[in-house]
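Overview (structure and organization)
Letter by letter, the chains look like this.
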Amino acid sequence: MTVESMKPETPETTGTSGVPGTADVSAPVEPPFAGGGLPLLGHGWRLARDPLTFMSRLRDHGDVVRLRLGPKTVYAVTAPALTGALALSPDYIIAGPLWESLEALLGKEGVATANGPLHRRQRRTIQPAFRLDAIPGYGPIMEEETHGLARRWRDGGAGETIDCTSESFRVAVRVAARCLLRGHYMDERAERLCVALASVFEGMYHRMVVPLGPLYRLPLPANREFNRALADLHLLVDEIIAERRASGQRPDDLLTALLEAKDDNGDPIGEQEIHDQVVAILTPGSETIASTIMSLLLVLADHPEHADKVRAEVQAVTGGRPVAFDDVRKLTHTNNVVVEAMRLLPAVWILTRRAVTDTELGGYRIPAGADLVYSPYAIQHDPRSYDRHREFDPDRWRPERSKDIPKYAMRPFSVGNRKCPSDHFSMALLTLVTAALATAFRFEQVPGSRPQPRVGITLRPQRLRLRAVPR
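Reference entry: report on the structure contained in this document. (Residues numbered from 1 in each chain as written. Predicted model: local features only at pLDDT ≥ 70, side-chain atom pairs only at ≥ 80, totals over all residues. Heavy atoms only, no water.)

The next point concerns the overall build of the chain. The number of helices and strands found in the chain is 16 helices and 12 strands. Looking at the chain as a whole, 57% of its 471 residues qualify as buried. Within the chain, counting contacts between residues at least 6 apart in sequence, those at least 24 apart form 71% of the total. (Helix = DSSP H or I, 4+ residues; strand = E, 2+ residues; numbered from the N terminus. Buried < 20%, exposed > 50% of the residue type's maximum accessible area, 1.4 Å probe, protein only. Contact = heavy atoms within 4.5 Å.)

Have a look at this one:
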């Protein structure tokens, strides 16, 4: 396979796989095995205990490394070019420990977990909602929710303490629901979703890294909490679909497109697929957007000099009026702040794939049926790709500097046919939120705030509490 690179290639740096930077080998070989595994659990215990450090250190063992997760052998990919090859090659599909753990939430018939012809048909159904020319139509809703958030914080009193988890989820869910499902869903539903998602994603993460199978069906407190949260999420989705059917309305939105979609035989798609698609729209999207908003609030608090630069840029563009959706493309530094926050604390920090045939990757043999795992967090903290990789430096995304970053060292929305369809939608919302909040407030951490990363299916600050001081 051949993967394009932003850096020039030479014969000395291209191996037999055609992937830049790999060793020149005459035939695929077995990847090295990472040491330190435990009986029964393999490397799952280390992955569960300190996953970010564990995944980041795997690069020291090679570009592809074998792990044991319970009884399974899993192949960890650590080189940016190889993660690009993995995402673009038809030899690998969406599957593996991550997606198996997510099936209880996302089902098997939603766009997030489907493969092959089903996935292609589903992409055709949902893609119109995320076309570039469709996104400006969501601008008024994004503005209303963003400025409503700032107004609520300001009306709460000077220096109000913000529970960033619930507030971030609320705005993410309301924007998704109002833009894509055309529903004015009340805060109570957003709060239900926030609470349920926290329990569900934590339980799914444990099921991924420590696959103990039948033990997760025992009536233990953690299992009961997980099952209750999962049931509430599915009930919420059923309520949304039932309300739309009962209303008889057919607005031009994603939910209408799903209710009117046809399968490959020209028949209406099944109820389970509609349900799974709505789950895929509401839950992973809300979780990742909310997690990123929390990370942005953290960097605005920890780096007030960049918050001031965002405010100055917004004022220069708007002349003092409230920032609008149409201003987003002009806010280059604000956009760079968003990208750098996603680099340092990516909501999607781990991904898995499965090989569908005997193949090779970077000169290493990958057998059919093998599960592969890679960490965008580890890739985006690799000192070989990033100068001063631990620092928050939005200016690294200025054109004259970003050209030196390897092509696949930063792909927050993935690539190829699995690229997130809502990438432009998400970036517009995140840039607008950052611009509006940095212009309105200075943020300070308060006692009881725990900004350290909370690692689950997604990555976000553990318990972020900030004081919002009006400017």
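Bridge count for strand β10 (residues 450-455) against strand β11 (residues 459-463) is four bridges, and the pairing is antiparallel. Bridged to Pro453 within β11 is Pro461. (Pairing = 2+ DSSP bridges.)

This part takes up the sheet that holds strand β4 (residues 160-163). In space, the three strands of this open sheet follow the order β4-β12-β9, with antiparallel pairing throughout. At either end of the open sheet lies a strand with only one pairing partner, and these are β4 and β9 (441-445). Averaged over neighbouring strand pairs, the angle between their axes works out to 35° when direction is ignored. Contacts between helix α11 (residues 271-302) and the sheet are confined to β9 and β12 (465-470), with β9 contributing the most and set at about 90° to the helix. (Axes fitted to C-alpha atoms, helices over the stretch in contact; angles between N-to-C directions.)

This part is about the nonpolar core. Among the nonpolar cores identified, the biggest contains 115 residues, and Met142, Trp153, Leu297, Leu437 and Phe443 are the most heavily contacted of them. The residues touching Leu437, leaving out its near neighbours within four places in the chain, are Leu149, Ala150, Trp153, Leu297 and Phe443. (Core = buried A, V, L, I, M, F, W, Y, C linked by side-chain atoms within 4.5 Å.)

Turning to the environment of Ala324, a few remarks are in order. Note that Ala324 resides in the loop between α12 (304-318) and α13 (332-344). For Ala324, a relative accessible area of 18% gives the class buried. Sequence separation between Ala324 and His147 is 177 residues; the distance between their C-alpha atoms is 9.6 Å. In this structure, Ala324 is in contact with Glu143 and Leu432, ignoring residues within four places of it in sequence.

A separate point is the packing of aromatic side chains. Enumeration over the complete set of coordinates arrives at six aromatic pairs. Here Phe441 and Phe443 contribute two aromatic rings whose centre-to-centre distance is 5.9 Å and whose plane-to-plane angle is 50°, an arrangement assigned as tilted. With relative accessibility at 1%, the residue Phe441 sits in the buried group. Judged by relative accessible area, Phe443 falls into the buried class, the value being 7%. Three or more aromatic residues link up through ring pairs in this structure, and these residues are Phe130, Tyr138 and Phe425. When the ring centre of Tyr386 is taken as origin, the NZ or CZ atom of Arg343, which lies over that ring, is 4.8 Å away. (Phe/Tyr/Trp six-rings, centres within 6.5 Å; stacked < 30°, edge-to-face > 60°. Lys NZ or Arg CZ within 6 Å of the ring centre and 35° of its normal.)

With that settled, consider the environment of Arg217. Inspection of the secondary structure puts Arg217 in the loop between α8 (187-209) and α9 (221-247). Expressed as a C-alpha distance, the spacing of Arg217 and Asn227, which sit 10 residues apart in the sequence, is 9.6 Å.

All right, on to helix α5 (residues 116-126) then. Along α5, the residues that are buried comprise His119, Arg121, Gln122, Arg123, Thr125 and Ile126. In this fold, the buried residues of α5 make contact with α10 (254-259) and α11.

Strands sit in the order β1-β2-β8-β5-β3 across an open sheet of five strands; the sheet is mixed. Sheet topology places β1 (64-69) and β3 (92-93) at the edges, where each strand pairs with a single neighbour. Pairing geometry for β3 and strand β5 (residues 351-355), over two bridges, is antiparallel. Bridge assignment links Ile93 to a residue of β5, and that residue is Arg354.

Before going further, it helps to spend a moment on the pairing of strand β2 (residues 72-77). Where β1 and β2 come together, six bridges link them in antiparallel fashion. Residue pairing in the sheet places Arg68 in a bridge with Thr73 of β2. Between β1 and β2, which pair antiparallel in sequence order, lie two residues; one of them, Gly70, sits at a positive phi of approximately 60°. Here β2 runs beside strand β8 (residues 371-374); their pairing, made up of four bridges, is parallel. Within β8, the residue paired with Tyr75 across the bridge is Leu372.

Let's shift gears to a nonpolar patch on the surface. A contiguous nonpolar surface patch, about 260 Å² in accessible area, is contributed by Leu215, Leu218 and Leu220. With respect to the helices and strands, Leu220 occurs in the loop between α8 and α9. (Patch = residues over 30% accessible without salt bridge, like charges linked within 9 Å, V, L, I, M, F, W, Y side chains within 5 Å. Areas by Shrake-Rupley, 256 points an atom, 1.4 Å probe, with all protein chains shown as cover. Salt bridge = Lys/Arg side-chain N within 4 Å of Asp/Glu carboxyl O.)

Attention shifts here to the pattern of salt bridges. Enumeration over the complete set of coordinates arrives at 32 salt bridges. Among the salt bridges present, the one from Lys72 reaches Asp371, with a minimum N-O distance of 3.5 Å. Of this pair, Lys72 sits in strand β2 while Asp371 sits in strand β8; the two residues are 299 residues apart in sequence, bridging distant segments of the chain. Assessed through its relative accessible area of 32%, Lys72 is described here as partly exposed. Taken together, the salt bridges that share partners define one network made up of Asp387, Arg388, Glu391, Asp393 and Arg401.

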